[in-house]
Amino acid sequence: MTRNPAKLIPADFPALPGLDFLEGVRVISTPDGGAEALGLAVFEDGDVPGQLELSREALTRAGFDPKVGKTLVVPRPSGPDLVAVGAGKRADLDATGLRDLAASFSRATSRREHVELVIDHEFADPAGASQALTEGAVLARYRYTPLKSERKDVPLRTLSLGLTRALDAHIAKGAAAGLVSARAAVIARDLANTPPGHLTATDIANIADRLGPRFGFDVEVFDRKALIELGCGGLLGVNQGSAEEPRMVKLTYQPQGAPSAHLGLIGKGIMYDSGGISLKPSDPMHLLMKMDMGGAAAVLGAFTALRDAEVTANVTGWLMCTDNMPSGTSYKLGDVLVARGGTTVEVKNTDAEGRLVMMDAIVLANEEKVDAIIDIATLTGAALMALGPSTAALFGNDETTVRLVKEASALTDEPVWELPLEQKYRAQLDSAVADISNLGGKYAGATTAALFLSHFVGETPWAHLDIAGTMQTENDDSWRSAGATGFGARLLLQAASAFRR
């Protein structure tokens, strides 16, 4: 098969540059004297740190606001620059605030490789505080650069955390956990930021193959022939118009000892979504469709962290990967696809393709008898219109599983909002010629998409995350660097860590 001529890149193209960046970062609890910038947390209440050598009145005159996210850099002719870092009110400083605080400091010192952040505060959970600070500082420095002729960013090399009222052991433990969770997000960001001509379904399968042995999970790749044997008519149907083969990538993590439960994670992996015959308009959103595999990226990112996070559940993942392209062989409106398990699906819109590739994986997850399923997908523009770019839509059929996702969302500051799985809209998916159609009516598009997926879920406890709005940010936003956010990778890791029967 002829490869995409746009993919004229070296064989050693760094598909995961962020991973190399992350592994170059040291987080230490004892300053080694090499800091080029010293950040000092300034609370709205209490004394200003003496090392700043500035009164609160002087800071105010200089335009500094002690709210979280605000900074003031004070250059010095010798020694490290001093940075006043807003910390808000002492009683309000939680993990989300710490993550934002560290991100603002990291951005304020973006031209410095070695930085130190000191916070004089009593933390109820010093390890959790250290983890949040590490995540914020590291993720704020992320940049996708492999296709730039010249790099202008300065990578972070050393982050010294001075939590004056915490033990070094607690700081070290939290920092290690923070680097592991940051790695999950960085890998997801790298994959989603990579142009579609440089990352095909075959490529992401090859990347998973390389990551599995390194991070403690098994990988099984299913090519077109294997997918035909499995009867995965959704993935095969969407792939019909593409010059690139589809891939289903099955990931398996098994903990040491008896597992506490079995969790299934399913990620939509549309490597590029043109809309197929239902062609998208050529607008900024079309440009972002290289990120339509953000769900698969989040699942793969989370898997790289399961072993190091000591997750006690069995976790099986399915990445459903293909692009959705128009051609003479594309699937068409009115076609009927046959899902794994035999359900027939009438295609009413070829741009409602994500649910088609995911239905096969949901059936396979049920065949594995998982205890619960969490799927994640950049599924509908309706979710973006309803909740905007900061909050993902959450649906589910089981209160316990939905609560698991909500609690993981709160801990990771990856916001979700539960929308109703309104059964009154299910009739919109009825088909005159097949068991179900892939498109509902004009309204409640995120809900009808979730209802479509629920048809295949059956009674298995299930939660569905629609991340179409949260997959990217146009500008730097706290620890979310411009471009792909990696939304969901850290959330899924946290959910897997907490998952029990």
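Structure: see above.
Each value, and the rule that gives it
- Residues numbered from 1 in each chain as written.
- Predicted model: local features only at pLDDT ≥ 70, side-chain atom pairs only at ≥ 80, totals over all residues.
- Heavy atoms only, no water.
- Helix = DSSP H or I, 4+ residues; strand = E, 2+ residues; numbered from the N terminus.
- Rg over C-alpha atoms; globule rule 2.2 N^0.38 Å.
- Buried < 20%, exposed > 50% of the residue type's maximum accessible area, 1.4 Å probe, protein only.
- Contact = heavy atoms within 4.5 Å.
- Lys, Arg positive; Asp, Glu negative; His and termini not counted.
- Charge placed at Lys NZ, Arg CZ, Asp CG, Glu CD.
- Core = buried A, V, L, I, M, F, W, Y, C linked by side-chain atoms within 4.5 Å.
- Pairing = 2+ DSSP bridges.
- Phe/Tyr/Trp six-rings, centres within 6.5 Å; stacked < 30°, edge-to-face > 60°.
- Axes fitted to C-alpha atoms, helices over the stretch in contact; angles between N-to-C directions.
- Patch = residues over 30% accessible without salt bridge, like charges linked within 9 Å, V, L, I, M, F, W, Y side chains within 5 Å.
- Areas by Shrake-Rupley, 256 points an atom, 1.4 Å probe, with all protein chains shown as cover.
- Salt bridge = Lys/Arg side-chain N within 4 Å of Asp/Glu carboxyl O.

1. Points about the overall build of the protein chain
A tally of regular secondary structure across the protein chain gives 15 helices and 19 strands. A compact globule built from 501 residues should have a C-alpha radius of gyration of about 23 Å, and the protein chain, at 23 Å, falls within 12% of that. For the protein chain, the spread of C-alpha atoms along the three principal axes comes to 75 × 50 × 45 Å. The burial tally for the protein chain puts 58% of its 501 residues in the buried class. Sequence separation of at least 24 residues holds for 77% of the intrachain contacts in the protein chain that already meet a minimum separation of 6. Taking the average place of the 48 positive charges on the side chains of the protein chain and the average place of its 62 negative ones, the gap between the two points comes to 2 Å.

2. Here we look at the nonpolar core
Ranked by internal contacts, the top residues of the largest apolar core, which has 67 residues, are Leu191, Leu211, Leu251, Leu300, Phe303, Ile374 and Leu465. Among the elements that make up this core, the one with the highest residue count is helix α10 (residues 294–306) (nine residues). Sequence-distant contacts of leucine 251, defined by excluding residues within four places in its chain, comprise Ala208, Phe217, Asp218, Val219, Val299, Leu300, Phe303, Val315, Thr316, Gly317 and Leu319. Judged by nonpolar contacts, the second largest core, of 46 residues, contains Ile266, Ile362, Leu419 and Ala449.

3. Points about the pairing of strand β9 (residues 262–273)
Judged by how many residues are buried, β9 sits mostly within the fold: twelve of twelve residues are covered. Bridge count for β9 against strand β10 (residues 314–324) is ten bridges, and the pairing is parallel. Looking at β10, one finds that glycine 267 is bridged to leucine 319. Taken together, the five bridges between β9 and strand β13 (residues 372–377) define a ladder with parallel strand orientation. By the bridge assignment for β13, isoleucine 266 is matched with aspartate 375.

4. Comments concerning the packing of aromatic side chains
Applying the stated criterion across every chain, the model contains two aromatic pairs. Ring geometry for phenylalanine 217 and phenylalanine 303: centres 5.5 Å apart, planes at 65°, overall edge-to-face. Taken together, the residues span a long stretch of sequence, with phenylalanine 217 in the loop between α6 (201–215) and β7 (218–222) and phenylalanine 303 in helix α10 at a distance of 86 residues. The pair phenylalanine 217 / phenylalanine 303 is uniform in exposure class, with both members buried. Plain terms: the ring middles of phenylalanine 452 and phenylalanine 456 are 5.3 Å apart, the flat faces sit at 55° to each other, and that makes the pair tilted.

5. Considering the sheet that holds β10
Strand order in the open sheet made by the eight strands is β7-β8-β10-β9-β13-β17-β14-β15, with mixed pairing throughout. Across the chains shown, the open sheet's two edge strands, defined by having one partner strand only, are β7 and β15 (416–418). Pairwise comparison of adjacent strand axes, ignoring direction, gives a mean angle of 20° for this sheet. Here five bridges tie β13 to strand β17 (residues 462–466), and the two strands are oriented parallel to one another. Along β17, the bridge assignment pairs aspartate 375 with histidine 464.

6. Observations regarding a negative patch on the surface
On the surface, Glu44, Asp45, Asp92 and Asp94 cluster together into a negatively charged patch. By the element assignment, aspartate 94 lies in the loop between β4 (81–86) and α3 (95–108). Aspartate 94 sits in the partly exposed class, given a relative accessible area of 42%.

7. Here we look at the sheet that holds strand β12 (residues 344–346)
Taken in spatial order, the three strands make up an open sheet running β11-β12-β16, and their pairing is mixed. The outermost strands of the open sheet, each flanked by one partner alone, are β11 (336–338) and β16 (436–437). Here three bridges tie β11 to β12, and the two strands are oriented antiparallel to one another. Looking across to β12, one finds that leucine 337 is bridged to valine 345.

8. Points about unusual backbone geometry
With a phi close to 60°, glutamate 53 is a non-glycine residue in the positive phi region. Summarising the element assignment, glutamate 53 is placed in the loop between β2 (37–42) and α2 (56–61). On the basis of relative accessibility, which here comes to 65%, the residue glutamate 53 falls in the exposed class.

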